[in-house]
Amino acid sequence: MTERVYGVTPPISTALPTEAEKRMHQALHEELRAQGTFESRAETEARKKVITQLEKITTAFVKKATAETQNSFMVREAIGRVFTYGSYRLGVYGPGSDIDTLVVAPKHVTTEQYFRLFPPLLVEMAPPGAITDLTPVPDAFVPIIKFEFSGISIDLIFCSIKGLTQIPEDKSWNLTDNTLLRGLSENEVRSLNGTRVTDEILNLVPEPATFKLALRAIKLWAQRKAIYANIMGFPGGVAWAMLVARVCQLYPKATSAVVVNKFFHIMLKWPWPLPVLLKDIEYNISVTRAPVWNPKLYSSDRNHRMPIITPAYPAMCATHNINRSSKVVIMQELEKGVQVTEEIMTGRAPWKALFTKHTFFTSDFRYYLTVISSSRTKDAQNVWSGFIESRVRVLVNKIENHAAIVLARPFNKGYDRQHRCQNYEQLGDVVNSGSLAYLYKPTPEEEKAKGEAKTEVKAELINANLKPESVLQDGPVVKPEPGTEIAAPPPVTAADGAAIKPEPGAESAMPPPAPPPVADGVKKEEITKNGDGVEQKDGNDGEVKLADIPEKKQELEVFTTNYYIGLQLGKTPASLDLSREVQEWMSMCRSSDLYKEGVNFLAVTHIKNTMLPDDVFEPGEVRPRPPKKKLKRQAPDDSSAQQPTKKSKPVGSALTPAVS
């Protein structure tokens, strides 16, 4: 009997592992446990319990939706199914990981019913207080409901199978049949393909256990190096899984330790843009209108820099977001990985050397752009910051095309902060320049109360259509270090350049200070103002006066999420002006239906590494320090003794804040 060949090419080696390689495998397993990548058995059982409860709620939802349009027989037979995908289905989840979940329903159940009926049913059928942070996103590219179920984050998507009037009760029924895609839109195909791709990956690796341990190592490495985020232009979880699976195909008998070492060697030398494939792409299957990845036919597919192609039909590129800068960063980290794993495999370094933290803030860059998204309410900020996060990559694409920019690298996550200001001038400092002077940290009691109140459904429009870009304005050039002058657009501020005022018509978002409360026994009509404008009650001195009641200060609360982009500059001219790129990008963002004037704000500022905020550094990290100033001695002259003089200080490098 011939042995199965995995992948689109024969394996590089089928050699069995040596005793030394087995020891390295065991050492890797122990290190991953020490790094906390495995969760406890109790936590895993809690996940299984949540999924079981979701299955019951899903069937109840399908029956309720069926009752609106079908007869009693159909209602009685109606069921729904829950499938997982992503890290949970791959078996590489860890503590705090979310569960990517898919609800499958028969053809007569609609997406409108899903968003109308499922959320309240979820709250009703779950244990009291189990559902928090319930957030339906009906207009996302792939419609989704996000929530936490007993402390476990759930991302729940939906698909109605157009070819099925009933979902089979057989527990072994799965989604591998391509005909299930018939009649589905591209969005619905993407929803169904999350599970289909995950199942195909597991079916296309020789040793699933070896693959899973190696994938845990590569995921941890990518996360520690801050190159794990599809939304920011780096590979996401599925893409890294497919890369590891391809290496497993090329070394089908290898241990996980060898797979990790070979991963860095092979991917560093991979002849990009040659696509990484786990199986041959299936063409000429006319069951869906969703396009199959084909660089010969589609120019957009030819532009993919590091194409990693999903194995399930229709084949799609999981890394279309990768740009020039992110590819450079990935290749740099792969090269470092080769050096480190070679030392590990030869016994000169432990496995923990592979999982050291990135140096994005500590030493990688001297200059950064800060994208500041802010809103007057927490709910508004959830929507606005999510939208801005999805557009940071577009700004990076614009910036990296500037002739003077060698590399523009976004950090793979944002930093959420809460501020409380006393006036609009302070508020302007926060939303325009990212000031942390009014930072507010909620108490544990407030955090607990906030968590208990999160069952309210929040309507979001994460992927609303963009309006045409507005007319752009040029910004001034601000001079930083000699030879590295950078400019950004000016802020919209008051005439004195300091304070931000409420937007016209936005009084509800930026309320005026509330009047002091009226004391008991004092009638409103008896309240007047004296000559100094102080309210008081007419009558004798024995009555209570409002002037005696302490006035509570009205605080202006604002929520911000900051995204950082590291800039590597080449040989620049006397002036580097990024105002056009930044203005174009902000005009695009403000043209979105999500932008609410007076509620949402947006700014882009420049910051030096020595001025980065404290919360981007972890305990033990050494933050950059300004270079020491050198003293220069002047040659003495005959008239008088000269004291040493300091070098002239270079012009500051702070950009003016951008449009808010």
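Residues numbered from 1 in each chain as written. Predicted model: local features only at pLDDT ≥ 70, side-chain atom pairs only at ≥ 80, totals over all residues. Heavy atoms only, no water.

1. Section: the overall build of the chain
Looking only at helices and strands, the chain has 16 helices and 16 strands in total. Within the chain, buried positions represent 49% of all 660 residues. Accessible area of the chain: about 32400 Å², with a carbon and sulfur share of 52%. (Helix = DSSP H or I, 4+ residues; strand = E, 2+ residues; numbered from the N terminus. Buried < 20%, exposed > 50% of the residue type's maximum accessible area, 1.4 Å probe, protein only. Areas by Shrake-Rupley, 256 points an atom, 1.4 Å probe, with all protein chains shown as cover.)

2. A word on the confidence of the model for the chain
Mean pLDDT over the chain works out to 82, with 78% of the residues at or above the 70 mark. The element-level mean pLDDT for the chain is lowest in strand β16 (residues 645-646), coming to 36, with helix α9 (residues 256-269) highest at 98. Confidence over residues 451-540 falls short of pLDDT 50; this stretch has 200 contacts with residues more than four positions distant or in other chains. Predicted confidence is poor over residues 639-660, with pLDDT under 50, and the contacts of this stretch with residues over four places away or in other chains come to 66 contacts. (pLDDT = per-residue confidence, 0-100. Contact = heavy atoms within 4.5 Å.)

3. Describing unusual backbone geometry
Trans is the common state for peptide bonds, and a negative phi is the common state for residues other than glycine. Each neighbour pair has its own omega, and for W272 with P273 the value is 10 degrees, a cis peptide bond. Relative to the elements of secondary structure, P273 occurs in the loop between α9 and α10 (299-302). Here the phi dihedral of D133 falls at roughly 55 degrees; this positive angle occurs in a residue that is not glycine. Of note, the phi angle at A226 is positive, near 60 degrees, even though the residue is not glycine. Among the secondary structure elements, A226 is positioned in the loop between α7 (208-224) and α8 (237-250).

4. Some points on the packing of aromatic side chains
The full count for this structure, using the stated rule, is 28 aromatic pairs. Relative to F365, the ring of F360 has its centre 5.4 Å away and its plane inclined at 65 degrees; by these criteria the two rings are edge-to-face. The burial state of F360 is the same as that of F365; both residues are buried. Seen from their ring centres, F361 and Y564 are 5.6 Å apart, and the 90 degrees between their planes marks the pair as edge-to-face. Of this pair, F361 sits in helix α12 (residues 360-364) while Y564 sits in strand β12 (residues 556-569), placing them 203 residues apart in sequence. Accessibility expressed as a relative area gives 2% for Y564, which makes it buried. Three or more aromatic residues joined by ring pairs make a cluster, and in this case those are F360, F361, F365, Y368, F411, Y415, Y564 and F617. The lysine or arginine in question, R33, covers the ring of F38, its NZ or CZ lying 4.2 Å from the ring centre. (Phe/Tyr/Trp six-rings, centres within 6.5 Å; stacked < 30°, edge-to-face > 60°. Lys NZ or Arg CZ within 6 Å of the ring centre and 35° of its normal.)

5. A few points about the packing of helix α1 (residues 19-34) against α7
Where α1 meets α7, the axes come as close as 11 Å, and the angle between the chain directions of the two elements is 55 degrees. In this view, α1 runs oblique relative to α7, as classed from their interaxial angle. Crossing geometry of α1 relative to α7 is assigned as left-handed. Judged by residue contacts, H25, L28, H29 and L32 of α1 engage L213, R216, A217 and L220 from α7. Residues belonging to the contact of α1 with α7 are distributed by class as follows: five nonpolar, two polar and one charged. (Axes fitted to C-alpha atoms, helices over the stretch in contact; angles between N-to-C directions. Parallel < 35°, antiparallel > 145°, perpendicular 65-115°, else oblique. Left-handed = near helix turned anticlockwise from the far one by under 90°. Nonpolar A, V, L, I, M, F, W, Y, C, P; charged D, E, K, R; others polar.)

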